Amino acid sequence: MPESRTRVALTWVDGGEGRVAWLEVSEPRRLNVLDTPAIDDLSGVVDQLGLVGVAGGLRAVVLRGGGERAFIGGADLRELSRLDERSAREFITRLHELCRALRALPVPVIASIRGYCLGAGLEVAASCDLRVAATDASFGMPEVLVGIPSVIEAALLPQLVGWGRAREMMLTGRMYDASEALAMGLVEEVVPAESLEAAVTRRLEWIQRASPEALAAQKDLFLVWERGSLEEAIEAGIDAFAASYRTSDGRARMQAFLARKT
């Protein structure tokens, strides 16, 4: 059954190997833009999912926007236009904490994208592990067009699309269609809108075949790889590999695989 909050709907879907949380930012009349209450509502649900974790049967999270017109159309310009220096710092820090919480979840997070994915919405999408888009999706970082720079998790974009494309996105504010987003590596797949849920579900099926503990360790390593040196990334990988043998899950999975091969 769906659990409704002010701006966010949480629906649990039970699978054979655990549960998937489907999150929907639901204010389609306003393109699901993020104001402070929406950020707080979404952060609260993400924090709740973090507490559930792998031990509670959580296997993956899907994040999408309500309606057909937008994933998240950006930050709420009506609120942004009223900020001062102090409140601007508070707002952007709050948005960053949401993105950081998404990245810290111990399970894969998939962004299911229809329509506009702009500014803050693209930063949220970049904070997810995978991005699957409909052909009607469009992407952009238009902040410079309204007098502010692109910040916080926009810093993830060079890792996704390269420095040249990231600079182009943030210096011009131009829009990119779904095919351009796929070509530059901003999304992993583009499908017709009517096939979007099936494409996301296919990835969920792949994810649910994997070891939950191994996936959690992989998510931790991603964070180390992003912020550390190559040597630190390798050392963290050695530690994670050894730690995976503290339980019998990995050995049991290997033995089952080998048994199928014989």
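Residues numbered from 1 in each chain as written. Predicted model: local features only at pLDDT ≥ 70, side-chain atom pairs only at ≥ 80, totals over all residues. Heavy atoms only, no water.

Draft legend 1. Broad picture of the overall build of the protein chain. If you tally the helices and strands in the protein chain, you get 11 helices and 11 strands. Since a compact globule built from 262 residues should have a radius of gyration of about 18 Å, the 19 Å found for the protein chain is in line with a globular shape. Taken over the C-alpha atoms alone, the protein chain extends approximately 60 × 45 × 35 Å along its principal axes. The 262 residues of the protein chain split such that 43% are buried. (Helix = DSSP H or I, 4+ residues; strand = E, 2+ residues; numbered from the N terminus. Rg over C-alpha atoms; globule rule 2.2 N^0.38 Å. Buried < 20%, exposed > 50% of the residue type's maximum accessible area, 1.4 Å probe, protein only.)

Draft legend 2. Highlighting the sheet that holds strand β9 (residues 138-140). With mixed pairing, four strands are arranged side by side in an open sheet as β5-β7-β9-β10. Strand pairing shows two members of the sheet lacking a second neighbour, β5 (70-72) and β10 (175-177), which therefore form its edges. Strand after strand, the sheet turns through a mean of 25° between neighbouring axes, direction not considered. In the sheet, β5 pairs with strand β7 (residues 116-118) via two bridges, with the strands oriented parallel. Looking at β7, one finds that A70 is bridged to Y116. This element, helix α4 (residues 120-127), spans β5, β7 and β9 of the sheet and lies at about 90° to β7. (Pairing = 2+ DSSP bridges. Axes fitted to C-alpha atoms, helices over the stretch in contact; angles between N-to-C directions. Contact = heavy atoms within 4.5 Å.)

Draft legend 3. Examining the confidence of the model for the protein chain more closely. Per-residue pLDDT for the protein chain averages 92, and the proportion of residues at 70 or more is 97%. Confidence over residues 1-5 falls short of pLDDT 50; this stretch has 12 contacts with residues more than four positions distant or in other chains. (pLDDT = per-residue confidence, 0-100.)

Draft legend 4. Up close: the side chain of S138. Checked against the element boundaries, S138 lands in strand β9. If we skip the residues at most four places from it in the chain, S138 touches G115, Y116, C117, L118, M175 and Y176.

Draft legend 5. Here's a closer look at the state of the cysteines. In the structure shown here, the tally under the stated rule is zero disulfides. Cysteine C117 is unpaired, with the sulfur of C128 as its nearest cysteine sulfur at 9.0 Å. Looking at the unpaired C128, the closest cysteine sulfur is the one in C99, lying at 8.6 Å. (Disulfide = S-S within 2.5 Å.)

Draft legend 6. Quick look at the packing of aromatic side chains. Counted by the stated rule, this structure contains one aromatic pair. A cation sits over an aromatic face here: R19 above W12, 4.0 Å from the ring centre. Above the plane of the ring of Y176 lies R174, whose end atom (NZ or CZ) is 4.0 Å from the centre. (Phe/Tyr/Trp six-rings, centres within 6.5 Å; stacked < 30°, edge-to-face > 60°. Lys NZ or Arg CZ within 6 Å of the ring centre and 35° of its normal.)

Draft legend 7. Expanded view of the pattern of salt bridges. One pass over the full model with this rule turns up 19 salt bridges. Across the salt bridge formed by K219 and D129, the nearest N and O atoms sit 3.0 Å from each other. One end of the pair, K219, is in helix α9 (residues 212-227); the other, D129, is in the loop between α4 and β8 (130-134), with 90 residues separating them in the sequence. We classify D129 as partly exposed; its relative accessible area is 24%. Across the salt bridge formed by R202 and E189, the nearest N and O atoms sit 2.8 Å from each other. Taken together, the residues span a long stretch of sequence, with R202 in helix α8 (residues 196-208) and E189 in strand β11 (residues 189-191) at a distance of 13 residues. Among the ionic contacts, a cluster of salt bridges with common partners joins R7, E27, R30, D35, D76 and R78. (Salt bridge = Lys/Arg side-chain N within 4 Å of Asp/Glu carboxyl O.)

Draft legend 8. Broad picture of helix α1 (residues 36-52). Between its first and last C-alpha atoms α1 spans 24 Å; for 17 residues at 1.5 Å apiece the expected length is 24 Å, and the two agree. Buried within α1 are the following residues: T36, A38, I39, D41, L42, S43, V45, V46 and L49. Contact partners of the buried residues in α1: β2 (8-15), β3 (18-25), β4 (58-65), α2 (77-80) and α3 (85-104). Note on α1: the residue one or two positions beyond its end, G53, has a positive phi of about 60°. (Expected span 1.5 Å × (residues − 1).)

Draft legend 9. Fine view of unusual backbone geometry. Phi at L31 is positive, roughly 60°, even though this residue is not glycine. On the secondary structure map, L31 appears in the loop between β3 and α1.

Draft legend 10. Focus on the packing of α9 against helix α10 (residues 230-243). At a minimum axis separation of 8 Å, α9 and α10 run at an interaxial angle of 165°. Put simply, α9 runs roughly antiparallel to α10. In the packing of α9 onto α10, the handedness of the crossing is right-handed. Of the residues in α10, those touching α9 at L221, V224 and W225 are E232, A233, A236, G237 and A240. (Parallel < 35°, antiparallel > 145°, perpendicular 65-115°, else oblique. Left-handed = near helix turned anticlockwise from the far one by under 90°.)

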